[in-house]
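Topology and contacts: notes
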Amino acid sequence: MEKAVIDELVTIFGQSNVLTDREDMIAYSYDAAPVEVEPEAVVFPTTTEQVSRLMKLAYRVEVPVTPRGQGSGLSGGSIPLKKGIVLCMDRMTKVIEFDPANRLISVEAGLTTSDIDPIAAEAGLFYPPDPGSVAFSTIGGNVAENAGGLRGLKYGVTKDYVKMLTVVLPQGDIVKLGSKCVKHVAGFNTELMFVGSEGLLGIITEVTLALLPIPKHRESALAIFNTLDDAAQTVSDIIAAGVTPSTMEFMDNATLNAIQNFKDCGLPRDAEAVLLIETDGEEHSAKAEMVIVQSQVEKNNSRDFKIAQSTEERDKLFAGRRVALNALASVRPNLILEDATVKRSVLPEMVRGIIAIAQKYNIQVGIFGHAGDGNLHPTFLIDQKDKEEMARCHKAVDELFQLAIDLDGTISGEHGIGLEKKPYLENQIGAAGIKILQDFKRMFDPKNLLNPGKMFDMPGESA
Amino acid sequence: MSTYIKTQQQLAEEHLLEAAKEFEKCMKCGKCRSVCPVFKEFGNELYVARGKNKLAEKIVSGDLQITDKLEQAINECLNCKTCSANCPAGVSPEHVVLRLRWYITTQKGLHYFKALIFRQLLWRKWPITIGCAVVALAQRLLFGIGPKNPVRHLFPLFGFAKRRNFPQLALRSAQSMYPEVNRSKTGETKMRIGYFTGCAGNLIYTNVAKSVVDILTGYGYEVVIPKKQKCNGTPVMANGDYEGARRLMQHNFDLFRKYDLDAIVVACSSCGMSLKKEIKVFVEDSPELQEFTGKVWDINEFIDKNIEIKPEDLGPLPYKVTYHDPCHMVRGQGIKEQPRNILKQIPGVEFKEMKNADTCCGSAGSYCITHYETSIKINDHKIKDIQDAGVDIVATGCPTCVMHIDDNLAQHHSNEKAKFVIELLADSLRAKGTVIR
Ligand SMILES: Cc1cc2nc3c(=O)[nH]c(=O)nc-3n(C[C@H](O)[C@H](O)[C@H](O)COP(=O)(O)OP(=O)(O)OC[C@H]3O[C@@H](n4cnc5c(N)ncnc54)[C@H](O)[C@@H]3O)c2cc1C
Ligand code: SF4
Ligand code: SF4
């Protein structure tokens, strides 16, 4: 990158917030996806104004800019594919306003998501979306990926909590979108345009989020099943019976065995599936709901059903789920974690289909995930150094995505498209779907400088 | 044994291979960003475990050469093991860091100053012992250790921060105060225990050595303090000198085996971890080594497991006490409850758990000498937690933690004192006067 441009960056951000050394570029060349590209500079803004000045500069000298939070993304969204500047938001961490009366909190986009709850808790409130990465992802990254979590079935995902955004558009304009009111219809729902936009349309610098009262009580239970169909039927039946559990986590046989090999969590090695179920709310209602859950579980031939009687027992029931990813990671040198999602009614077909694909390509797989919302995490266990196995794995992933599409599902429930799933997006949304994305992109970013090359290619361009 | 001495080339290859075994497991998830104390101060991905893994990968693939910045980045690690304790993929990034430091030494050689300390002074030992005695004398006769100590102005000449507070060194080393064999005081001899004093227990915190000897002999154990023991090698290996550390570890291993011991006890977290675990990286595996490492106990662990301390043995101590978990005890050896159990037994002691008891205090052995400013910033969080706990004493089990916390407490004009758990136990036993008189 030209010295003059770097000098301008230093003018905007100050010396200590601009990195250009090779070693630093290496450190900002990757995220949690298996791709890497070194940028030419990394900058750390502390104000919205600085971001705006950066984008004006980028547009003037035509340098690509890639927004980044904490780089925990699993789809390669923060990789500077076309080099240029990485715009790292993780030093914008101020809490701007906590407004318990309106159950709102306004924060800068670089704040770590788990830093919200201790503040909200002071007024008996909480922020429901809880991705597995809450402690090492930013709220801006969560908004940009529309992150989900364990509680998605009952509490929804990030988009359900975004009230207002401050966004710097690619050419440097600063806009405030949305409203703090519960109801507002003044104009389009433009704030939602940016939820799940993966850093392609603008840079989110401030977010106002809705909070909810902390549920007074939680009931937790573990149900063990001999067949997948029984487990899946139970999921459908519980919801049909009018209960919306706050958590309904699924683990398959391979995952159970991986966990037991890793650490004895008292899980049965020969079960086909287990469900971890939580209901919450007022004590009497959480308990009443759990009674209904129990009857549905038993109706579907569960082998065992345990309700935790204390916090320790609850921790015990959840011990296996908590180490599931660690356990799977210890089976083989590497893993590929997917997030294909289907309607919960076709969960058994999806699970059986994934196992069949894995067998066909002779790849080990463990499946766990959020059964209530059909968001599964099929996890392929591989050795990246084994080129031949990697080739088989890629084919398995191709088929997995097609399976999700055929079952009327989606190739990504929460991790986003980025680079990793870019080749598959058209299969799901079609050429017309891609075209409308391109049109939006061109409207906001005519020179294609903000996070270029992600999610889809612009016409005449290819990866 | 001689087959275990390798050429620089063999060592270089081995270090890179072993580093690769670790970093290849890294999923790059970023979880270490939420726990690494150094990263929290710098806020630059280069200093987090994930970044260090990536640097190592680049070095191994040949895509990056050894640069000043690379060296600086990998020297920013406390070996606190918080990353490995929390890593979902079972990576030990601190071992990647150590291997890289050792690798760099194979390529660039050891700095002459480090070579002097690690390979000459620590190995010969007597210059250190005498040097400490001279400083100890000067501290008492000439300049003291308080804030007005005029010698402070000379600290920067030796690479120490001027505002730093040093502990009082001992006039007589523990090893010269005691005979090699200290008989049981109860008539019977339950076990013959080797005591590895560690440099700090020998030259600075001799009251710890006194506590260990008094308690063990008072409860019927014979305590052997081999005179020829040397540094366990932790600061040596942490500073890139694999070969120097190997020589020290081999020496202590060979030495202690000559004494026909039932157990080996240490009162220093890093000595414990090194004699139990790290030694396996340096000394060739053998049934003898297994037997040796299996015999090593931290003093807190030993007392909690083996000694039945009766309530009537203990006299009251009127303190509110909290406990700080040294990294190399809680994560390095899995010792967490034992020291707390001991503290809770002492009558009069009101035990209060502080927040973040197991986060690193920033001392990290020699890190707080070479990286004083960052290490104090990390320690500031610890001081706040200690102050919030509302205690008189912060008890722990590691000399560098005691030194660093005491230094920074003084800088904050805070009244709490850092002490060893074992000292408090000995004080309580002395207050009663039946087991220790
Ligand atoms: C172990 C693990 C568990 C995970 N669990 C979950 C889970 O349960 N649910 C889930 O949904 N995801 C999960 N993720 C994925 C990931 O954590 C989320 O996508 C998260 O939202 C990314 O946040 P980040 O701050 O790390 O963003 P990054 O990874 O840095 O960036 C992600 C994308 O957002 C863009 N971006 C970042 N900040 C901004 C901004 N301020 N303005 C505009 N664009 C921006 C980037 O350009 C990039 O495209 C998990 C990841 C890991 C490693
Ligand atoms: S937590 Fe472990 S696997 Fe994750 S990035 Fe850090 S070292 Fe790698
Ligand atoms: S050992 Fe401690 S300082 Fe070093 S990388 Fe791990 S967490 Fe950070």
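Treat the numbers as computed from the prediction; the structure is a model and nothing was measured.

Looking only at helices and strands, chain A features 15 helices and 18 strands. Taking 23 Å as the expected radius of gyration for a compact globule of 463 residues, we find that chain A reaches 23 Å, a close match to that expectation. Viewed in the frame of its principal axes, chain A has a C-alpha envelope of about 70 × 60 × 40 Å. Relative to its full complement of 463 residues, chain A shows a buried share of 59%. Of the contacts formed within chain A by residues at least 6 apart in sequence, a portion of 70% connects residues at least 24 apart. One finds the centroid of the 46 positive side-chain charges in chain A at a distance of 2 Å from the centroid of its 64 negative side-chain charges.

Right, let's get into the side chain of B:Thr396. Residues and elements named next belong to chain B. Considering the arrangement of structural elements, one finds Thr-396 in strand β8 (residues 393-396). The exposure class assigned to Thr-396 is buried, which follows from its relative accessible area of 1%. Side-chain polar atoms of Thr-396 contact the backbone oxygen of His-324, separated by 2.8 Å. Among residues more than four places away in sequence, those in contact with Thr-396 are Tyr-323, His-324, Pro-326, Cys-401, Val-402, Lys-419, Phe-420 and Val-421.

Contacts to ligand 1 come from 35 residues, most closely from A:Pro67, A:Gly69, A:Ser72, A:Ser133 and A:Thr138. Those chains with residues close to ligand 1 are chains A and B. Within the backbone of A:Gly71, a nitrogen or oxygen atom sits 2.8 Å from an oxygen atom of ligand 1. A distance of 2.8 Å is found between an oxygen atom of ligand 1 and a side-chain nitrogen or oxygen belonging to A:Asn142. Taking 970 Å² as the accessible area of ligand 1 by itself, protein coverage stands at 96%.

Bringing the interface of chain B and chain A into the picture now. Taken together, the contact between chain B and chain A spans 28 residues of the former and 32 residues of the latter. Between chain B and chain A, the buried area comes to about 2,300 Å², and carbon and sulfur atoms account for 48% of it. Applying the counting criterion to the chain B and chain A interface returns seven salt bridges. Ionic pairing is found between B:Asp63 and A:Arg22, a salt bridge with its closest N-O pair at 3.3 Å. Across the contact surface, chain B and chain A share 19 residue pairs in polar contact (both at pLDDT 80 or more). Of all elements in the fold, only α3 (49-61) and α4 (68-75) of chain B reach the threshold of two or more residues within the side of chain B that touches chain A. Ranked by residues supplied to the side of chain B that touches chain A, first place goes to α3(B) with six residues. Split by residue class, the side of chain B that touches chain A holds ten nonpolar, six polar and twelve charged.

All names here are of chain B. Partitioning chain B into domains gives domain 1 (8-108) and domain 2 (311-432). When each unit is reduced to the centre of its C-alpha atoms, the spacing between domain 1 and domain 2 is 29 Å. Buried surface at the junction of domain 1 and domain 2, both sides included, amounts to about 1,000 Å², of which 65% is carbon and sulfur. Remark: the boundary between domain 1 and domain 2 carries zero salt bridges. Linking domain 1 with domain 2 are four residue pairs in polar contact (both at pLDDT 80 or more). Elements represented by at least two residues in the side of domain 1 that touches domain 2 include exactly α2 (37-42) and α5 (82-86).

This paragraph deals with the site of ligand 3. Residue and element names in this part refer to chain B. All residues in the neighbourhood of ligand 3 are listed as Cys-36, Pro-37, Val-38, Lys-52, Cys-77, Leu-78, Asn-79, Cys-80, Lys-81, Thr-82, Cys-83 and Glu-94. For the shell around ligand 3, the secondary structure elements donating two or more residues are α2 and α5. Partitioned by chemical class, the residues of the shell around ligand 3 number seven nonpolar, two polar and three charged.

With that settled, the discussion passes to the sheet that holds β8(B). Read from one edge of the open sheet, four strands run β7-β6-β8-β9 (chain B), paired in parallel fashion. A strand with exactly one partner marks an edge of an open sheet, and here the two such strands are β7 (350-351) and β9 (417-420) of chain B.

So, how was this worked out
- For every chain, the first residue of its written sequence is number 1, and the numbers climb from 1 along that sequence.
- By the order in which they are written, chains take letters starting at A while ligands take numbers starting at 1.
- Side-chain atom pairs in this predicted model are given and counted only at pLDDT of 80 or more, local residue features only at pLDDT of at least 70, and totals for whole chains, interfaces and linings cover all residues.
- Hydrogen atoms and water are omitted, and side-chain values are computed over all heavy atoms in the structure.
- Helix and strand definitions here come from DSSP, where helices need a minimum of 4 consecutive H or I residues and strands a minimum of 2 consecutive E residues; each element is numbered from the N-terminal end.
- Two things to know: the radius of gyration comes from C-alpha atoms, and the globule rule equals 2.2 Å times the number of residues to the power 0.38.
- Accessibility here uses a 1.4 Å probe with only protein chains present; expressed as a share of the type maximum, an area under 20% marks a residue as buried, one over 50% as exposed, and anything in between as partly exposed.
- Note on definitions: a residue-residue contact is assigned when non-hydrogen atoms from the two residues lie within 4.5 Å.
- Neither His nor the chain termini are counted; the positive set is Lys and Arg, and the negative set is Asp and Glu.
- Every charge is mapped to an atom, namely NZ of Lys, CZ of Arg, CG of Asp or CD of Glu.
- In the analysis that follows, any N or O atom pair within 3.5 Å is treated as a polar contact, provided that within protein one partner can donate a hydrogen and the other can accept it, and provided that, for residues neighboring in sequence, both atoms belong to side chains.
- Any residue with a heavy atom positioned within 4 Å of a molecule or strand is treated as near that molecule or strand.
- Throughout, the Shrake-Rupley method with a 1.4 Å probe supplies accessible areas, and for residues the shown protein chains are the sole cover considered.
- Summed over both partners, the accessible area lost on bringing two parts together, with a 1.4 Å probe, is the buried area.
- What makes a salt bridge here is a side-chain nitrogen of Lys or Arg within 4 Å of a carboxyl oxygen of Asp or Glu, nothing more.
- Residues were grouped as follows: Ala, Val, Leu, Ile, Met, Phe, Trp, Tyr, Cys and Pro as nonpolar; Asp, Glu, Lys and Arg as charged; and all remaining residues, including Gly, as polar.
- Note that the domain bounds were set by an automatic or database domain assignment.
- Strand pairing follows a simple DSSP-based rule, namely that at least 2 bridges must link the two strands.

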